[in-house]
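What the coordinates show
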Amino acid sequence: MGVFPTFSGPMNRIVTKTSLDAVVYGFSFILAYWIRFDGKPPADYFQQVQFLLLLVIWIRLVTSYLFGVYRQVWSYVSLNDILTLGIATVVPSSVFILARLVLSSEQQIWRIALSIILIDWLLSFGGSTGVRLLARLWFERNESSPVNDLTKSASHRILLVGAGMTGILVAKEARKQKNLNWNVVGFVDDDPHKLNTMIHGLKVIGQTSDIPNLAQKHSLDRVIITISNASSKDIRRIVETCEAIPIPVKIVPSMFEILDDKVEIKKLRDVNIVDLLGRDVADFKGHSKNVKQYFYGKKVLITGAGGSIGSEICRQLHAFAPSELILLDNHENSLYEIDCELDAFQPKIIRKAEICDIRNTQRLSSLLHSYRPEIIFHAAANKHVPLLEHNNVEAVATNVQGTRTLLHLAEETDCERFVMLSTDKAVYPSSIMGACKRIAELMIQTSDSKKTSFSCVRFGNVLGSRGSVVPLFRSQIKRGGPLTITDRNATRFFMTIQEAAQLVIRATTLGSKGEIYVLDMGKPIKIFNLAQDMINLSGLSDDSIEICFTGLRPGEKLHEELVYPYEKVRPTIFPKIISVDPVEINYESFWQDLETFLEEYSLLPEDSFRKRLFHLVSSPVSSDVAPVSRGPLRIIKN
């Protein structure tokens, strides 16, 4: 048994802590007199010590209890705990000073000298802090042996990349979990000021460029990236270095992924394609408070709530405490899954799951008039480009006419904000899907409602969404290949599902007059390079699995764009989000042609259908068109 025995119940632990503090406080009070008088206190002061000792101890213990000092867990004592302890010990000393000032000289027995009060506080605070630090050290040494003391027979020799707080947390976890048999040989860090320093008992033995030499010198079995804010460029460089050795590499999830802010060994994961995305993910956390205030207590409806982005919007909205969420989707299973997930996550928020196709005007009207949402996220859409090329009527029915009906109903039911999800395929569209989305954008931009603020969000491909290239490549790799790519030089803009949802949610709090919001997504990524990265991350080499080039499919482009050259862009309060002002279009011509087309499109032959659809996209916009007033939304009956 050690100096700090373990007790079974909370009361026993409090008794132990208060007993240790009582000894410290008593000894500090006596020692203060001894120091003040060089070990020879006068008789009257000696009498004062005897008279006040128990009272001083009692006052300090009661004050510490009231400040919650004894609810602290000594094995995890932190700087905040020490600060609380400091305040708890200052308060009694302040009381002693006040007593010194108000009591008369006739009450000398109660009046403690100011110098003694100061010395007593320093000793009490220092002694109680020391006891807690010793307790923490004792607990840590008895729960696990130090990393460097692991036997040479340890099965895993580990190098940590990043000597920051996350790296320290991983090192501490490695100490606790002796069953891992980890021998952490040290840190590498590119900060030159950290080189050769000792951090938490481990030495910073080099920089990331030294990993190959260190791997050979220390016979490394694994490298763990513990840089919580590492850029994709840095992660790619480290991964490529480790692959060349070769040596396995894992990564600690970002703090955004670790909800309890605790890094655990079991949460280490393989480096995935999102880590190698090639661009830094936009950080919106600094504005979370204002965004939460915007959604707090609001009634929100999400169309396409069961889809990849729609469901993520639902998840993130829960953190902003809306009064009610209305989940709308025509796919029963997807709707059921997100509804069950949200119920487990935050059951207190009122939530309604409604099966509805946005093309069903009567059903949609009934729901919106019944719920009267204050904010609408329109994520429902048909999105698969090749599929919609020969299902063009369905594409228009959902992406154009369904959106048009929803726009009208939003205004009719006094909705405050309406945000539609668009795509980079709406810029110079070459596909039915892209043309439909561009028409929907133009409908948003030509709205002039006094009740509802309309805007839309335009972004590129979403990694991991249903039907996207990443799940396709993953399944093809699992089958042993080949990986199918349209063209070696094809590029796309990519973002994560979480980032796309953040962009949409934050854009809702911005403009109100038909703006389009676009994320600055950096440089486009080659699909061929993406395929190679996924092959390598799967532990395979480029020559072990075949990559086939199939040629561009109908409606597909070699490269996508995020904005038109004539669109005026400006920054917003959110980093990396830009605003595209409404274009100057011939309003009357656009709406007249659109109304005529929507009355006839289902009966048109394919050639005529495509010609008239793309005429709607190209005819309204011209650099020499003068600004025109925008008219009110008009309903188009099915």
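Residues numbered from 1 in each chain as written. Predicted model: local features only at pLDDT ≥ 70, side-chain atom pairs only at ≥ 80, totals over all residues. Heavy atoms only, no water.

**Details of a nonpolar patch on the surface**
In plain terms, the rule: Exposure above 30% relative accessible area and no salt bridge define the residues that can form patches, which grow by joining like charges within 9 Å and nonpolar side chains of Val, Leu, Ile, Met, Phe, Trp and Tyr within 5 Å. Only the protein chains shown count as cover for residues, and all accessible areas are computed by the Shrake-Rupley method using a 1.4 Å probe. Salt bridges are defined as contacts in which a side-chain nitrogen from Lys or Arg sits within 4 Å of a carboxyl oxygen from Asp or Glu. What counts as a helix is a DSSP run of H or I of at least four residues, what counts as a strand is a run of E of at least two, and both are numbered from the N terminus. Residue burial is assigned from relative accessible area. The probe radius is 1.4 Å, only protein chains are included, and a residue is buried under 20% of its type maximum, exposed over 50%, and partly exposed in between.
The grouping of Phe 51, Leu 55, Trp 58, Val 62, Tyr 65, Leu 66, Phe 67, Leu 83, Ile 87, Val 91, Val 95 and Trp 110 at the surface amounts to a nonpolar patch, some 1,200 Å² of accessible area in total. When contributions to the nonpolar patch are tallied by element, the ones reaching two or more residues are α2 (43-66) and α3 (79-102). The element contributing the most residues to the nonpolar patch is α2, with six residues. The partly exposed category is assigned to Phe 67, whose relative accessible area is 36%.

**Looking at the environment of Pro 248**
Operational definition: In what follows, residue pairs with any heavy atoms lying within 4.5 Å of each other are defined as contacts.
With respect to the helices, strands and loops of the structure, Pro 248 is situated in the loop between α7 (232-244) and β6 (249-251). Ignoring sequence-local partners within four residues, the contact set of Pro 248 consists of Asp 221, Arg 222 and Val 223.

**Digging into the packing of aromatic side chains**
Rules: Only the six-membered ring of Trp is used, alongside the rings of Phe and Tyr, when aromatic pairs are assigned; centres must lie within 6.5 Å, and planes under 30 degrees apart are stacked while those over 60 apart are edge-to-face, with the rest tilted. Charges are assigned to positions over rings by a cutoff of 6 Å between ring centre and Lys NZ or Arg CZ, combined with an angular limit of 35 degrees from the ring normal.
One pass over the structure, following the stated rule, counts 13 aromatic pairs. Seen from their ring centres, Phe 29 and Tyr 33 are 5.2 Å apart, and the 80 degrees between their planes marks the pair as edge-to-face. Remark: Tyr 33 and Phe 29 occur in helix α1 (residues 10-36); sequence separation between them is four residues, near one turn of the helix. Members of the aromatic cluster, each reached through a chain of ring pairs, are Tyr 294, Phe 295, Phe 320 and Phe 377. Over the face of the ring belonging to Tyr 25 we find Arg 60, whose NZ or CZ atom lies 5.9 Å from the ring centre. When the ring centre of Phe 528 is taken as origin, the NZ or CZ atom of Arg 488, which lies over that ring, is 4.5 Å away.

**Concerning the nonpolar core**
Definition in use: Among buried residues, the Ala, Val, Leu, Ile, Met, Phe, Trp, Tyr and Cys ones that are joined through side-chain atoms within 4.5 Å form a nonpolar core.
Judged by nonpolar contacts, the single largest core of 92 residues is most densely connected at Ile 302, Leu 317, Phe 377, Phe 459 and Leu 613. When residues in this core are grouped by element, the largest group, nine residues, is from helix α14 (residues 432-445). Excluding residues within four positions of it along the chain, Phe 459 makes contact with Ile 309, Leu 421, Ser 422, Thr 423, Asp 424, Met 495, Ala 500, Leu 503, Val 504 and Met 521.

**Some points on the sheet that holds strand β22 (residues 577-580)**
We apply this condition: For two strands to be treated as a pair, DSSP must find no fewer than two bridges joining them. The axes are straight lines fitted to the C-alpha atoms, using for helices just the contacting stretch, and the angles between their N-to-C directions are given from 0 to 180°.
In space, the nine strands of this open sheet follow the order β10-β9-β8-β11-β12-β13-β18-β22-β21, with mixed pairing throughout. Only two strands of the sheet have a single neighbouring strand rather than two, namely β10 (350-355) and β21 (569-571). Averaged over all adjacent pairs, the angle separating strand axes in this sheet is 20 degrees, with direction ignored. As defined by bridge partners, strand β8 (residues 299-303) adjoins strand β11 (residues 375-378) across four bridges and the pair is classed as parallel. Looking at β11, one finds that Thr 303 is bridged to His 378. Packing against the sheet, helix α16 (residues 497-507) makes contact with β11, β12 (417-423), β13 (453-459), β18 (513-519) and β22, and its axis sits at approximately 155 degrees to β13.

**Overview of the packing of helix α11 (residues 361-371) against helix α13 (residues 392-412)**
Here is the rule we go by: Oblique is the label for any angle not covered by the other classes, which are roughly parallel (under 35 degrees), roughly antiparallel (over 145) and roughly perpendicular (65 to 115). By convention, the crossing between two helices is left-handed when the near helix turns anticlockwise from the far helix through less than a right angle, and right-handed when the turn is clockwise. Residues are grouped as follows: nonpolar covers Ala, Val, Leu, Ile, Met, Phe, Trp, Tyr, Cys and Pro; charged covers Asp, Glu, Lys and Arg; every other residue, Gly included, is treated as polar.
One way to put it is that α11 packs onto α13 with a least axis distance of 10 Å and a crossing angle of 25 degrees. The pairing of α11 with α13 is recorded here as roughly parallel in orientation. For the element pair α11 and α13, the recorded crossing hand is right-handed. In this structure, α11 contributes Thr 361, Leu 364, Ser 365, Leu 368 and His 369 to the contact, and α13 contributes Thr 405, Leu 406, Leu 409, Ala 410 and Glu 412. Here the contact of α11 with α13 is composed, by residue class, of five nonpolar, four polar and one charged.

**Some words on the side chain of Ser 93**
As a reminder, the rule being used: Throughout this description, a polar contact denotes any pair of N or O atoms lying within 3.5 Å of each other; where both atoms belong to protein, one of them has to be capable of donating a hydrogen while the other can accept it, and for residues adjacent in sequence the pair is counted only when both atoms sit in side chains.
You can see Ser 93 is positioned in helix α3. Exposure remark for Ser 93: the relative accessible area of 6% places this residue in the buried category. For Ser 93, the side chain forms a polar contact with the main-chain oxygen of Thr 89, separated by 3.3 Å. When residues no more than four places from it in sequence are discounted, the contact partners of Ser 93 are Arg 60, Ile 117 and Trp 121.

**Focus: the confidence of the model for the chain**
Heads up, the condition is: pLDDT measures how confident the predictor is about each residue, on a scale from 0 to 100.
Scored by pLDDT, the chain has a mean of 82; 85% of the residues are at 70 or more. For residues 255-263, every residue scores under 50 in pLDDT, and the model assigns this stretch 20 contacts once sequence neighbours within four places are set aside. Confidence drops under a pLDDT of 50 for residues 622-638, and excluding neighbours within four residues, the segment shows 42 contacts in the predicted structure.

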